[in-house]
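Chain and residue survey
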Amino acid sequence: MQHKLKLDDQIKVNSGKTLWQKKLARLFKNKFALTAALIIFILYFLAIFAPFFAPYSATKNFKNKFFHPPTKIHFTDENGLTLPYIYGTEVKEGWAEYEINKEQKYPIKFWKQGDSYQLLGIFESNIHLFGVEADQPIFILGSDNYGRDLFTRILYGGRVSLFIGFIAIFITTFIGLIMGGISGYYGGFIDSVIMRAVEVIMSIPSFYLLLALAAVLPLDLSSAFRFFLIVSILAFQGWAGMARVIRGMVLSVKSEDYIAAAKALGANDKRIILKHILPSTATYVIIRATIAIPGYIIMESGLSFIGLGIQEPSASWGNMLSAAQNITKISDFPWLLLPGLFIFITVLSYNILGDGLRDALDPKS
Amino acid sequence: MTKKIITILILVLFIFNISAAAELKDPWISKKEQGQHGGTLITTLLGDPKTFNTIIAKETSSSTITDGYIFEGLVTRNGVTTEYEPELAKSWDISEDGRKYTFYLRKGVQWSDGEEFTADDVIFTFDVIKDENIPTSSRDVLKVKGEFPEYKKIDKYTVEFTLPESFAPFLNNMTAPIIPKHKLYSAWQKGKFNNTWGINTDPEEIVGTGPYKLVDYKNGERVVMEKNNYYWRQDPNGRSLPYINRWIRVIAESQETESLLFEKGQTHYLAVRGIDYRRIKTEAENNNFSVVDAGPAFSTNFLVFNMNPRNPNLKIEPYKYEWFTNLNFRRAVAYAFDKQTMINQALAGQGTKQWSPISIANKVYLNEDVKRYPYNLEKAREELEKGGFKWNENGELLDAKNNKVEFTMVTNAGNNVRESLVNIIASELRELGMTVNSTPIEFNKMVNQLSSEWNFDSVLIGLTGGVEPHQGTNVWMSNGHLHMWNPVQEEPATEWEKRIDELFVKGAAAVDQEKRKKYYDEFQEIVAEKLPVIYTVTPNSLYAVRDSLKNTEVTAYGGVLWNIHELYLED
Amino acid sequence: MRDYIIRRILIVIPLLFAISLLSFFIMQLSPGSYLDDLRMNPDISEELIRKMEADFGLNQNVFIQYFSWLKEILQGNLGESFTYRIPVAQIIGSRLFNTLLLSAAAMLISWGIAIPIGIYSSVHRYSFLDNIFSVFSFIGLSIPNFFFALLLLFSIVRFDIPLPINGMTSIMYDYLSPMEKAIDILKHLLVPAVVLGTAGTASLMRQMRGQMLDVINKDYIRTARAKGLKEKKVIYKHAVRNAINPMITIFGFQLSSLFSGAALTEIVTGWPGLGRMMLTAVRSKDLYLAMAGMMMGSLMLIIGNLAADILLALNDPRIKYH
C-alpha cells in the first residue's frame, strides 16, 4: 500500500493546530492506547531501575530454597492493620517442600540496604526498594530451580527482553532509512545492488536465518557481547523490509513538484533527502517501529527459549520460560510461567499502542 | 549272530543320527514364569538411528536399535548380576596362560531368514572389524598391546582366538554383535560395506540372530520391529521366544515428550527423571504402573582442571598451571563440593554422592574405602592456606605470588544436570574468594578444547561407565587421548600416573578376579588421593513400568528391556 | 504480463545462488564440525576421526568445499547428510511436505476464522461481539506462539484431552484404513496449526474488517442498497468480493511469517517438518542438510511470493511493474 503524503506537514491549518498536533490529540483520545503506553513506560522504568526495585542481586541464590512458592505478605495481625511482614519458612522433609514458621515474623523494610549495584553504570548504591532482614528470603513471585528470586530475575530479564527489541529497531530503522533513501533517490546501479541484497535477505524465511546465525554464535561470549550480537542478528534480518518500503516512498516523493523546486533553488542532495524526503516517511517509520518491536521481542524470546539466544546465568524472559518446560514444574510450581505473562503483556501493549498510533496518524487504514 | 549284532549296531547308529539331527540345538529355556504370546510393546527412543549397520554405528541412537535386539554377541552380561553369560557361544575355554580363548558356538541357531549361524559368521565379523577401511570403534578395543588378536575357525561350531598376552577384559569385547556373512560378504568384498544397511535399507535385508527384526522405519517418527520367528531361545513349554509379537519404538525428541507420552498412557515404560519422580510416584498409586528405584546409575559427572604443560594459554597465564597442579588447591575444591545440595537441586533429590572413579553401581569393582571430602568450607580454607594461598582485604583469593585466582569453568549447554552442578560448584568457590566465570558452551567446542586445543581451565563433564574397568584406558592411562587433565603423555608426568599405568596393565593381564580387584582398588585410592578429577553425584536409575508388562527385572545396568525375550504382556 | 512472470522466474536462479553462498558461509562461521561428537567417544581413535574427515571432505579449503557442493547441486545431488549417511534429498522430501501441510492448515484456519469474523465485525461495528473479537484478536496476536504451544500441550495432558501431543501420526498409523489415516493426521495437525494460525488470524481479522468498512461506504454499495437488493446479497455479493481483492497482498506477506513461525512451532510441538530438521542440522553442523534446508525454505518462500505477486497482478490490471 502506498502511503499518500501530505504536503501540509508544516503548514498551520485553520484551527491553529498543526497536523501533528491534531494527530497527537487523536491519539490521546484513545484510552486503550494510552493505557498501553503507560504500561510500557512502567515496564521500561522497572527494567532500567531493576537493581533498585529488586530485593536481591541478579545472581543471588538461596540454595536450600529452590522452587519456593511466592511468599505471602501479611498486612494484619492479631492487633489489626500493621506494617507488612512475612513469615519465615523452613525446609521440610522431602524435596522442595516448605513449611511456614509462624514463630518467625519478619517485617518488610523499605529503602533497605542490600547487595550493592551500579545504576546506569555510574551511580553506586545499595539501596533497594524493599527487603527483609536476616537470611530469610522474600520471594514475592517465588523462586526458581537454583533458589533465585523470580521477581528479581524477571526485572533483570526485562532489561534484556525489553531493550533488545528497542535497540534492534533503532538499528533497523537507521539502516533501513539510509539504504532505502539512497536506493530510491539515486537509483541506477546502487539501487540495483541494494535491492538485490534486500531480495536475498527477504527470500530466506526469517526464523531460518535467525536460527543459522544464532547457532553459529559461540555460547561462551560475555553476556553483553552476546546481547549485542543478537541485536545485530535481528537487525540484519529486519532492515531489508523497511528499506524496500522506504525506497518506494522516496521514489514517489522524488517526482513531486516541490522537490524539483527545491533542486531548482539550489538545495543539495543531502539537504533534500534529510529535510524533505525522509520526514515524509516519519509516519510509516513510527508505525512500523511500534509493530516491529513486539516482533523482535518474540523472536528473541523464541531464540532464548530453544537455547540459542541469551544464555544462563543471564536472565531473559525467553530462557526463563525454557527452564519451565516440564509438566512437573508447571503443575507444581506454576509461578515459573510468569515470564511468559510478562512477554504477553509487553507485546499486547505494544500492539495496542501501535494500533492506536496507526488510527491516529494515518486514519485511512 | 555277528550279523544280528551288526544290524543292531547299524540301527542304533541310525537312530542315534536321526535323533542327533533333530536335537542339534543347544537349548536355552527361560526360567521365568510362562507367559502369553502376542501383543505389541510400545516404547520411546530419544533420537533417530543414523544407520542399522551395527559395526560402523557410532552413536547410541543407532546401537540401541540393533544391539541386543537384532544382533547378538558370542557372550552377553546378565542384566541383574552383570556376570558373563553365554549367548551365541554356549560355552568357552580359556587356556592356563590366559592367551587362548576357544568358543563353542550354539548349534542350530538360525538367522532371521532361516540360514544357519556358524563359525563362518564369526570369522567374517572379525574380518570386518579388523579391516582398516571400516570405521569401527570395536577394532581398537580389541587390540592387545597394539595387535589385533589372531583368530581361526576350528570347525563349523568352534572358533579360537589367540592373544599376544593374557588379557582379562577380552571376554568383554566378545559381546560385540555378530553379523551374517551370507548377507554382507559380497558388499564387503566390493568395498561397499560402509554404505550398506543405512537407514533406508529394505528391512527384509537386515538379518540378525536376535529376538527381533526390523520391519519399518519412518524418519523422525518410529521404528517398528517384529519377533524373529527363528529365534533360538524358548519358553518353558518349548515354544520359541520372544512372547511379544510386535515392538513399536516411538521417536521422541526430548525427555519431556517421553514423559508426556508415558503419562498419556501410550508407552509401556519410562526412564523417570529426578524432577518428575515424586509426582509420578504419587500417580502410580491410582494408575496401572509401578515405579522402580534401581539405585545409582552407571554414569559419572566430574570436574577436571587443566594440568597440561602444553596448554597454549600458559604463555599468557602461566600461574594457572601452578594453581591447578597444586594438590592442596584441588583438595580445597573437593571440600567445597556441597554434594547434598547437588543431589537436591540438580537431581531433584534422587541421587548418591560419588567419591570413586568406578561407578557406584559397579558392585564387582567399587572400592568403598577411598578418601572422601565431605562438604566443609573451613577445611577448604585450611587446604588453601596450606597450599600457599591467601586472601586480600576484599576477601578475594590470591596465590603466593599475589595473582588473583580467577578461572573459567565450562560444561556442555543443554544438559540441565551439568549446568546445575556448575552453578552450585561455582557458587561455593566464590565463597572461598575465587572468581569463577561459569558458562555452558556447545558440546562440540568443549570437546575441541578437551581433546585437541587443550586450552580450557576447568570442565565439568561426565562419562558413562561400564562393568569392565579396562574400558576406561583412554581416560586413565597417561597416553590416552581422553586423559583429560593432561592427555597423550609420552612419559607419565607424575609418579602416581605412572603407577596407574602399571595398574591398568597388570589389571588387564591378570586373569584371577581377586587379583584384578586389588589392582583396581589401588587405582581408585590413588585417584581419590591425588584428585586428577573431582567427582560429584550420580543420578538414580528410576523407571516407571506398566503393570501389564510382566517378567521384568529392572536394574541400573540392564534397564527394563535387557531380557526382552522373556517379557510378556498381560491383557 | 507474460514477460513479467518470465523475468521473475529467471531471477530465482541467481537469487538461490546468492542464498546458497550466504548460507554456506554462515555455517562455516562456527567452529568445529560434525565429528566433534565422536571425539568424545573413548572407543574411537584419532585416526578413525581423521579418516572420516577426509571422507566427508571436511579437511579441505572452504572455497573448495563450497564449489564441490555447488557442482553436486547442479547435477541434482544434494549431498549426503553426515548424521544419517543417506542422501539429503530423501530426508528433505517428507519434511518439506509436512511443513507445507502445516502452513496450509494454519492458513486455512486463520483465513477461515478471520474472514467471517471480519465481515461480521464490519457489519456490526462497535457491537459487543465486535469488541470481544477485537480483544481476542489482540490476545492471539500477542501471545508468543511457543508459549501458547506450551500452555496447550500441558492443558492436554493435565485435563486429559484426547488430542495427541507430538508427531504427525500415531503409533498404530500403519494399521489404519486410509480414512482413519487422514483423520489421524488431522488430529495431530490440530494443535500445531492452531498455534501457528492464531497470530495471522488477528491481523487478518482487522484487515478484513477495515477493508469491508472501506468498501461499505463506497458509492456502488449505496446504489445496490437503493436498488432494493437484499442486505445479505449486498454484503456478500458485492462488498465482500471487493474487499477481498486487496487482501491478496497480505497473502504474500503472510507466507514469510508463516514459514518462519512454522519452524518454531514445529520445534515446540514436535511436528516433523523442515524447521525442526533445520534446528538439529544447524546444531550438529550437518552441513549439507542445513544448506539444503535453507535453500528449500527460501525456495518455498520465493515461490509463494511469486504466486502472490502473480495473483496480485492478475487481479489488478492497473498495477504496472517496470
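Residues numbered from 1 in each chain as written. Chains lettered and ligands numbered in written order. Predicted model: local features only at pLDDT ≥ 70, side-chain atom pairs only at ≥ 80, totals over all residues. Heavy atoms only, no water.

1. Overview of the UniProt feature "transmembrane region" (unreviewed entry) in chain C
Residue and element names in this part refer to chain C. On the UniProt side, "transmembrane region" (unreviewed entry) is annotated at positions that read residues 9–30, 100–120, 132–157, 185–205, 247–268 and 288–314 here. Annotated as 100% helix and 0% strand, the span residues 100–120 places its first and last C-alpha atoms 30 Å apart. Secondary structure within residues 132–157 divides into 92% helix and 0% strand; the distance between the first and last C-alpha atoms comes to 29 Å. (UniProt positions renumbered as here; feature names shortened; annotations may be inferred. Helix = DSSP H or I, 4+ residues; strand = E, 2+ residues; numbered from the N terminus.)

2. Overview of the packing of helix H10 (residues 327–335) of chain B against helix H12 (residues 377–386) of chain B
Residues and elements named next belong to chain B. For the pair H10 and H12, the least separation of the axes is 8 Å and the interaxial angle reads 170 degrees. Overall, the two elements H10 and H12 adopt an arrangement that is roughly antiparallel. Note on element contacts: H12 touches H10 through Leu377, Lys379, Ala380, Glu383, Leu384 and Lys386, opposite Asn328, Phe329, Arg331, Ala332 and Tyr335. (Axes fitted to C-alpha atoms, helices over the stretch in contact; angles between N-to-C directions. Parallel < 35°, antiparallel > 145°, perpendicular 65-115°, else oblique. Contact = heavy atoms within 4.5 Å.)

3. Some remarks on the UniProt feature "transmembrane region" (unreviewed entry) in chain A
All names here are of chain A. Within this numbering scheme, the UniProt entry marks residues 32–54, 160–186, 198–219, 225–246 and 335–353 as carrying the feature "transmembrane region" (unreviewed entry). The distance separating the terminal C-alpha atoms of residues 32–54 is 29 Å; by composition the span is 91% helix and 0% strand. Across residues 160–186 one finds 100% helix and 0% strand; the C-alpha atoms that close the span lie 38 Å apart.

4. Describing the sheet that holds strand S15 (residues 299–305) of chain B
Residues and elements named next belong to chain B. Taken together, 5 strands build an open sheet; the order of strands is S20-S19-S21-S15-S22 and the sheet is mixed. What marks the edges here is a single partner per strand, and that holds for strand S20 (435–441) and strand S22 (533–535). The mean inter-strand angle of the sheet, taken between neighbouring strand axes irrespective of direction, is 30 degrees. In this structure, S15 lies alongside S22, joined through 3 bridges in antiparallel fashion. Within S22, the position partnered with Phe302 by the bridge is Tyr535. Contacts between H10 and the sheet are confined to S15, strand S19 (406–412) and S22, with S15 contributing the most and set at about 140 degrees to the helix. The sheet strands contacting helix H13 (residues 416–431) are S15, S19, S20 and strand S21 (458–464), and the helix crosses S19 at an angle near 165 degrees. (Pairing = 2+ DSSP bridges.)

5. Regarding the sheet that holds strand S4 (residues 123–132) of chain A
Residues and elements named next belong to chain A. Taken in spatial order, the 4 strands line up as S1-S2-S3-S4 in an open sheet, and their pairing is antiparallel. The open sheet terminates on both sides in strands that have one partner only, identified here as strand S1 (74–77) and S4. Neighbour-to-neighbour, the strand axes of this sheet turn through a mean angle of 55 degrees, independent of strand direction. Where strand S3 (residues 98–119) and S4 come together, 8 bridges link them in antiparallel fashion. Residue Tyr117 lies in a different strand from S4, and its bridge partner there is Ser125.

6. So, the confidence of the model for chain C
Scored by pLDDT, chain C has a mean of 78; 87% of the residues are at 70 or more. At the level of chain-chain contacts, confidence expressed as ipTM amounts to 0.79, with global pTM at 0.82. (pLDDT = per-residue confidence, 0-100.)

7. Some words on the packing of aromatic side chains
Residues and elements named next belong to chain B. With the rule as written, the count across this model stands at 61 aromatic pairs over all chains. A ring pair is formed by Phe148 and Tyr151, whose centres lie 6.3 Å apart and whose planes are at 75 degrees; its orientation type is edge-to-face. Judged by its relative accessible area of 14%, Tyr151 is buried. Pairing Tyr365 with Tyr520 gives two aromatic rings, centres 5.5 Å apart and planes at 80 degrees, and the pair type is edge-to-face. Of this pair, Tyr365 sits in the loop between strand S16 (351–353) and H12 while Tyr520 is found in helix H17 (residues 513–530), placing the two residues 155 residues apart along the sequence. A residue is classified by how much of its surface remains accessible, and Tyr520, at 0% relative accessible area, is buried. Put simply, the rings of Trp92, Tyr101, Phe103, Phe126, Phe148, Tyr151, Phe161 and Phe170 pair up and form one aromatic cluster. Positioned above the aromatic ring of Tyr185 is the side chain of Lys181, whose terminal nitrogen or guanidinium carbon lies 4.9 Å from the ring centre. Between the NZ or CZ atom of Arg546 and the centre of the ring of Phe262, over which it lies, the distance is 4.2 Å. (Phe/Tyr/Trp six-rings, centres within 6.5 Å; stacked < 30°, edge-to-face > 60°. Buried < 20%, exposed > 50% of the residue type's maximum accessible area, 1.4 Å probe, protein only. Lys NZ or Arg CZ within 6 Å of the ring centre and 35° of its normal.)

8. Some remarks on the interface of chain B and chain A
Taken together, the contact pairs 27 residues of chain B with 25 residues of chain A. Interface area, chain B with chain A, both sides summed: about 2,100 Å², of which 47% is carbon and sulfur. It is Ile275, Arg278 and Gln345 of chain B in chain B that bury the most area against chain A; as a group they hold 30% of the surface buried on that side. Counting across the interface, chain B meets chain A through 4 salt bridges. Along the contact surface separating chain B from chain A lie 11 residue pairs in polar contact (both at pLDDT 80 or more). Of all the secondary-structure elements, those providing two or more residues to the side of chain B that touches chain A are helix H7 (255–263), helix H8 (274–285), helix H11 (339–346), H13 and S20 of chain B. The leading source of residues in the side of chain B that touches chain A is H13 of chain B, at 5 residues. Residue composition of the side of chain B that touches chain A, by class: 7 nonpolar, 9 polar and 11 charged. (Buried area = accessible area lost by both parts, 1.4 Å probe. Salt bridge = Lys/Arg side-chain N within 4 Å of Asp/Glu carboxyl O. Polar contact = N/O pair within 3.5 Å; in protein donor to acceptor, adjacent residues only side chain to side chain. Nonpolar A, V, L, I, M, F, W, Y, C, P; charged D, E, K, R; others polar.)

9. Side note on the domain arrangement of chain C
All names here are of chain C. Per the domain assignment, the segments making up chain C are domain 1 (2–74) and domain 2 (95–146 + 198–315). Roughly 1,800 Å² is buried in total at the junction of domain 1 and domain 2, and carbon and sulfur atoms are behind 80% of that figure. It is Arg8, Met27 and Trp69 that lose the most area in domain 1 upon contact with domain 2, and together they represent 32% of the buried surface on that side. The interface formed by domain 1 and domain 2 includes 0 salt bridges. One can count 0 residue pairs in polar contact (both at pLDDT 80 or more) joining domain 1 with domain 2. Contributions of two or more residues to the side of domain 1 that touches domain 2 are made by helix H1 (2–29) and helix H4 (62–74). Per-element accounting of the side of domain 1 that touches domain 2 gives the leading share, 13 residues, to H1. The residue makeup of the side of domain 1 that touches domain 2, split by class, is 13 nonpolar, 7 polar and 1 charged. (Domains from an automatic or database assignment.)

10. Quick word on a positive patch on the surface
The grouping of Lys230, Lys232, Lys233, Lys237 and Arg241 of chain C at the surface amounts to a positive patch. Within the secondary structure layout, Arg241 of chain C lies in helix H10 (residues 231–269). (Patch = residues over 30% accessible without salt bridge, like charges linked within 9 Å, V, L, I, M, F, W, Y side chains within 5 Å. Areas by Shrake-Rupley, 256 points an atom, 1.4 Å probe, with all protein chains shown as cover. Lys, Arg positive; Asp, Glu negative; His and termini not counted. Charge placed at Lys NZ, Arg CZ, Asp CG, Glu CD.)

11. Considering a nonpolar patch on the surface
Residue and element names in this part refer to chain A. A cluster of nonpolar side chains, Leu38, Phe41, Ile42 and Phe45, forms an exposed patch at the surface whose accessible area comes to about 410 Å². Mapping Ile42 onto the fold places it in helix H2 (residues 31–48). Judged by relative accessible area, which is 43%, Ile42 ranks as partly exposed.

12. Points about the pattern of salt bridges
All names here are of chain B. By the definition in use, this model includes 38 salt bridges over all chains. With a closest N to O distance of 3.6 Å, Asp216 and Lys218 form a salt bridge. A relative accessible area of 25% means that Lys218 is categorised as partly exposed. Among the charged side chains, a network of salt bridges with common partners joins Glu256, Glu263, Arg273, Asp276, Arg279 and Glu283.

13. Points about the interface of chain C and chain A
Between chain C and chain A, the residue contacts involve 43 residues of the former and 38 residues of the latter. Summing the contributions of chain C and of chain A, the shared interface buries around 3,700 Å²; its carbon and sulfur component is 79%. On the chain C side of the interface with chain A, the three residues burying the most area are Ser142, Phe146 and Phe154 of chain C, jointly 15% of the side's total. Counting across the chain C and chain A interface gives 0 salt bridges.

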